[in-house]
Amino acid sequence: MSDDVNGDGYPDAVITSERAEGVVPGQPKLRSLIVLYGSGRGLDPERRSVVRPGDQTLWPFGSDWRVRRPESADLDGDGYADIPIRIGPPGGSDPALHIVWGGPDGPVTGALSPTVPVPRPGRGSSEWPAVGDFDGDGRRDVAVGDDGSRNDEPGYRTTGATQAITVYYGRAPRAPVVIRVPGLPGRPGLRGKLTAADVDGDGRDDLVFRAGRRIELLAGGLSDRREIGPFACPGDDHYTATLIRAGDYDRDGRAEVLVDCWADHRPAPDPHRWWVWDADAPLTGFDVSRFGS
């Protein structure tokens, strides 16, 4: 299981949180890696592990500067999900990639891998593919987002191209399907990374994504589009509800969606607020302000 860090059969949620200690005026705050463990009752915020990278901080992959969504996968075949992270000085420019190894007690905090040489990532987050079985035929399909932005000339960024999700099906010769995701007047459309998960338990993966200031769901074979939530962020001018990840944390056959508040402007404080959205249960939430310390 790709998100099972401690190997107990339940997927875990890997997130980050700011740390109170080690803050330098004028520099970004340090961030810790947090693993929230799944169970028969879902995610329990009180059951967690914390990885603090000393006087360094977590850096993003691609354009997601706040590093809210680390990925995990079993990279060494031992049955425990591992977590690639980029670590570097908060004011530096050359973070290094390391692996946090999973284990029966969660992340092995004292055994980071040596530096892993990789190309510098630079792709926009909405262009990263989401893989899932969207039509329920047993074959893996790929969904790729296009947020409509273009950078055709050095130093010049244009907008106005079609904002859409293109789905490439694993069953040949089925043609790709383009799903338009237009923004509202004065608001952008598709933003952030696509997430594939079966939120309604129908055996087909659904797509969850951010469209402007909304979190939206494509379900029913990607034919049923609707908004989920609402997620109340403090200070509407500064924060936007942002999809982080999804997983069946209680193993009831339906994935839950993990959402937090994203500060549209970097100087805005971290609201420390997260929600767990379940298609068949009331919206729940928790505060992570004390998790990273």
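That block above? That's the structure.
For the structure given in this document, a descriptive report is provided here. The structure displayed is predicted, hence computed values, not measured ones.

## Side note on unusual backbone geometry
Thought 1: The peptide bond linking glycine 229 to proline 230 adopts the cis configuration, its omega dihedral lying at 5°.
Thought 2: By the secondary structure assignment, proline 230 is in the loop between strand 16 (224-228) and strand 17 (239-247).
Thought 3: Positive phi is not limited to glycine here, since leucine 222 has a value of about 70°.
Thought 4: Mapped onto the fold, leucine 222 is located in the loop between strand 15 (214-219) and strand 16.
Thought 5: Its identity is not glycine, yet arginine 251 carries a phi of approximately 55°, on the positive side.

## Looking at the sheet that holds strand 8 (residues 141-146)
Thought 1: Ordered in space as 7-8-11-12, the four strands form an open sheet in which the pairing is antiparallel. This sheet does not close on itself; its edge strands, each paired only once, are strand 7 (130-132) and strand 12 (177-180). This sheet shows a mean twist of 20° between the axes of neighbouring strands, independent of strand direction.
Thought 2: Note that strand 8 and strand 11 (residues 164-168) share five bridges and pair antiparallel. Within the sheet, the bridge partner assigned to glycine 145 lies in strand 11 and is isoleucine 165.

## A few points about the pattern of salt bridges
Pairing between side chains of opposite charge can happen when their charged atoms approach one another.
Thought 1: Taken as a whole, this structure holds 11 salt bridges when the rule is applied.
Thought 2: Across the pair aspartate 8 and arginine 47 runs a salt bridge, and its minimum N-O distance is 3.9 Å. Taken together, the residues span a long stretch of sequence, with aspartate 8 in the segment before strand 1 (13-18) and arginine 47 in the loop between strand 2 (31-36) and strand 3 (48-51) at a distance of 39 residues.
Thought 3: Looking at aspartate 8, the relative accessible area reads 30%, which means it is partly exposed.
Thought 4: On the accessibility criterion, arginine 47 (35% relative accessible area) is partly exposed.
Thought 5: In this structure, glutamate 216 and arginine 214 form a salt bridge, with 2.8 Å as the shortest nitrogen-oxygen distance.
Thought 6: Judged by its relative accessible area of 16%, arginine 214 is buried.
Thought 7: Residues joined in a network through salt bridges with shared partners are Arg214, Glu216 and Arg225.

Rules behind the numbers
- Residues numbered from 1 in each chain as written.
- Predicted model: local features only at pLDDT ≥ 70, side-chain atom pairs only at ≥ 80, totals over all residues.
- Heavy atoms only, no water.
- Helix = DSSP H or I, 4+ residues; strand = E, 2+ residues; numbered from the N terminus.
- Pairing = 2+ DSSP bridges.
- Axes fitted to C-alpha atoms, helices over the stretch in contact; angles between N-to-C directions.
- Salt bridge = Lys/Arg side-chain N within 4 Å of Asp/Glu carboxyl O.
- Buried < 20%, exposed > 50% of the residue type's maximum accessible area, 1.4 Å probe, protein only.

By themselves these figures say nothing about function.
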